[in-house]
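# Architecture at a glance
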2 protein chains.
Amino acid sequence: MPGEFDLIRRYFRDATRSRPDVLLGIDDDCALVQVPQDRVLAISSDTLVSGHHFTPDVDPEALGHKALAVNLSDLAAMGAEPAWASLCLTLPQADEAWLQAFMRGFARLADEYGVQLIGGDTTRGPLGIGVTVQGFVDPARALRRDGAREGDLIYVSGTLGDAGLALRVRQGEIPPGGDMRLLDERLDRPQPRVGLGRCLGTYSRCAIDISDGLAGDLGHICRQSRLGALLELERLPLSAAVRDRVRTSGDWSLPLSAGDDYELLFTVPAARQAEFEREAATWELPVTRIGFMQRGEGVRLHGAQGAQSDRWMRAYDHFRE
Amino acid sequence: MPGEFDLIRRYFRDATRSRPDVLLGIDDDCALVQVPQDRVLAISSDTLVSGHHFTPDVDPEALGHKALAVNLSDLAAMGAEPAWASLCLTLPQADEAWLQAFMRGFARLADEYGVQLIGGDTTRGPLGIGVTVQGFVDPARALRRDGAREGDLIYVSGTLGDAGLALRVRQGEIPPGGDMRLLDERLDRPQPRVGLGRCLGTYSRCAIDISDGLAGDLGHICRQSRLGALLELERLPLSAAVRDRVRTSGDWSLPLSAGDDYELLFTVPAARQAEFEREAATWELPVTRIGFMQRGEGVRLHGAQGAQSDRWMRAYDHFRE
């Protein structure tokens, strides 16, 4: 069994491309990197723990993808350009095949976004993954949770609840149905909306990525912007499978409070609606207007099921399970 | 039991000081920070796992200190000025007393070095701690592992093997003796040598912090500088307790290969020895010349016990246990 240093060297060093702004990579006490002069640095750290964020039998390649994707999603939600990542792996044993597959998934996504792996460590222990990503953003174009204004329109990218549906099918709570391959892909290989986030800076000052569920994440925007929000249920963009599920069960929890979608939720001033929607219509990834910011606090629902709304208002909360 | 968001807000937000270069702290998808124009960014990430780096019954305040200290030590070894930290905590339950003590230890050390906590997360799972620290360094003064030159003198700060002795006493392998309070302090609350690291840039191009043991860490310098090193055993700076242990047992493994010392190991060109030692004599923290870099590869020992040197040459290696 190879030593820690060998493992790190073998799989980390050549895992990702070399960027010219990396003066010193993974072989020293610290990495040394250069931030462009007219940009500020955006930083995000996330942990994935076995038995909590994924099952121990998860496909390691998908896990490598997802560990980086959820962090890139945070950069996307800030409108930042990804640059570097650090990876801290805790592994029960030095399983080379597992590590190789994990790094393949991680490196492929890193390469797609021009991200260089610049540091991290490997430790023996219960399987867990910590990733820190860093990128650049023009501070005048940063998408902050406190950037929403009264009357701003609320938009969301893609569709809502697909990952949650895949998870509940996998857990045996819902029978399979619809395009399961597509739903599984949404759960296992979320696509960080980096391109969208970088385009939004022209129109928006406020975004968040939907990791804990639409209602809970919109609640963060409300709290930090000191406003309320009204969501129009019938406008929520749903895939055919989620739409079927909502129609047959009358339960809106999948699009409202299932996490793991990693779509972007953002606001646009009403005065710029036409201009924004004209440009957005040319994008590959659809965005949908789903409500607006208003005076007050908290998220309100507008739609047939208003009376049941409380149950859907809970964000996915790790310590409240 | 409070929710994750409440826990984070309560203990993280006010844990450390506010720096003017932090545009956005822990309440958003990313932190936004500003790097000074004439500096590059130094980044280090480390993970501490229960049962591996510490026992589950560890004093949480000491653990909070150590989790940050080992990361600041990496910045010290690069000669960098600490600025920001992210903290990813995985906790088996939301134990408020534990978390409060942990954050007290973390925040006190952060405050001492002017470090602001800018991000992180809290997850339920087996106890583990991931810390990422960032700081600034003038790239012309960075202390790199590949910066040693043939003939450079090798120095080390403080004393060697104290933390290892405390650990072996705690594990029942060695009977207690000497000033155990001092030895325990060295193991539980290592002091990152940040001030020393920042002074060294005038004389040195090469340093590493001793986390895995003197011989192993000097081995990293040798490998990356493509040189060998000769260590003079009799010159190694030892506390009274470690000196006693070495004398009675004839075993040099404590100063040579016990980890967790977090002293700095660095090189100085021989031509600057007198000038360097004159200045170093005015420092509070002693530094000791212990050998020199030479042609060849690997670390050689000069001293009475040369024949047994192989046994001491193994770095502490997590996957070789």
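Calculation notes
Residues numbered from 1 in each chain as written. Chains lettered and ligands numbered in written order. Predicted model: local features only at pLDDT ≥ 70, side-chain atom pairs only at ≥ 80, totals over all residues. Helix = DSSP H or I, 4+ residues; strand = E, 2+ residues; numbered from the N terminus. Rg over C-alpha atoms; globule rule 2.2 N^0.38 Å. Buried ≥ 20, exposed ≤ 12 C-beta atoms within 10 Å, placed from the backbone. Contact = placed C-beta atoms within 7 Å. Domains from an automatic or database assignment. Nonpolar A, V, L, I, M, F, W, Y, C, P; charged D, E, K, R; others polar. Pairing = 2+ DSSP bridges. Axes fitted to C-alpha atoms, helices over the stretch in contact; angles between N-to-C directions. Core = buried A, V, L, I, M, F, W, Y, C linked by C-beta atoms within 7 Å.

### What about the overall build of chain A?
- Helices and strands together make up the secondary structure of chain A, namely 11 helices and 12 strands.
- Scaling as 2.2 N^0.38, a compact globule of 321 residues should have a C-alpha radius of gyration of about 20 Å, and chain A matches this with 20 Å.
- Taking the principal axes of the C-alpha coordinates as reference, chain A spans close to 60 × 50 × 35 Å.
- Looking at the 321 residues of chain A, the share that counts as buried comes to 54%.
- Partitioning the intrachain contacts of chain A with sequence separation of at least 6 by distance along the chain shows that 88% fall at a separation of at least 24.

### Thoughts on the domain arrangement of chain A
All names here are of chain A.
- Once the domains are mapped, chain A shows domain 1 (4-139) and domain 2 (143-315).
- The straight-line distance from the C-alpha centre of domain 1 to that of domain 2 is 27 Å.
- In this assembly, 17 residues from domain 1 lie in contact with 18 residues from domain 2.
- Listing elements by their share of the side of domain 1 that touches domain 2, those giving two or more residues are α2 (60-76) and β4 (81-91).
- Tallying contributions element by element places α2 first for the side of domain 1 that touches domain 2, with 10 residues.
- A breakdown of the residues in the side of domain 1 that touches domain 2 according to their chemical character gives 10 nonpolar, three polar and four charged.

### Details of the sheet that holds strand β12 (residues 298-302) of chain A
All names here are of chain A.
- One open sheet accounts for six strands, arranged β8-β10-β7-β11-β9-β12; its pairing is mixed. Edge positions in the sheet fall to β8 (206-209) and β12, since each has one partner strand and no second. Mean inter-strand twist for the sheet, computed between neighbouring axes without regard to direction, equals 25°.
- Judged from the four bridges that link them, β8 and strand β10 (residues 264-268) form a sheet pairing that is antiparallel. Residue pairing for β10: A207 is matched across the bridge by F266.

### Quick word on the interface of chain A and chain B
- If you look at the interface, chain A gives 61 residues, while chain B gives 61 residues.
- A per-class count over the side of chain A that touches chain B returns 29 nonpolar, 19 polar and 13 charged.

### Some points on the environment of L265(B)
Residues and elements named next belong to chain B.
- Relative to the elements of secondary structure, L265 occurs in strand β10 (residues 264-268).
- C-alpha of L265 to C-alpha of S157: the two residues are 108 residues apart in sequence and 6.8 Å apart in space.
- Sequence-distant contacts of L265, defined by excluding residues within four places in its chain, comprise I154, V156, A207, I208, I210, L214, D217 and L218.

### Points about the nonpolar core
- Counting 197 residues, the largest nonpolar core has L265(A) and L265(B) as the members making the most contacts within it.
- Counting residues per element, this core draws most heavily on helix α2 (residues 60-78) of chain B, which supplies 10 residues.

### Things to note about unusual backbone geometry
- Phi angles above zero are rare outside glycine, and R226(A) is one such case at about 55°.
- Relative to the helices and strands, R226(A) is located in the loop between α7 (214-225) and β9 (228-232).
- A positive phi angle, close to 55°, is found at Y262(B), a residue other than glycine.
- Structurally, the position occupied by Y262(B) is in the loop between α9 (253-257) and β10.

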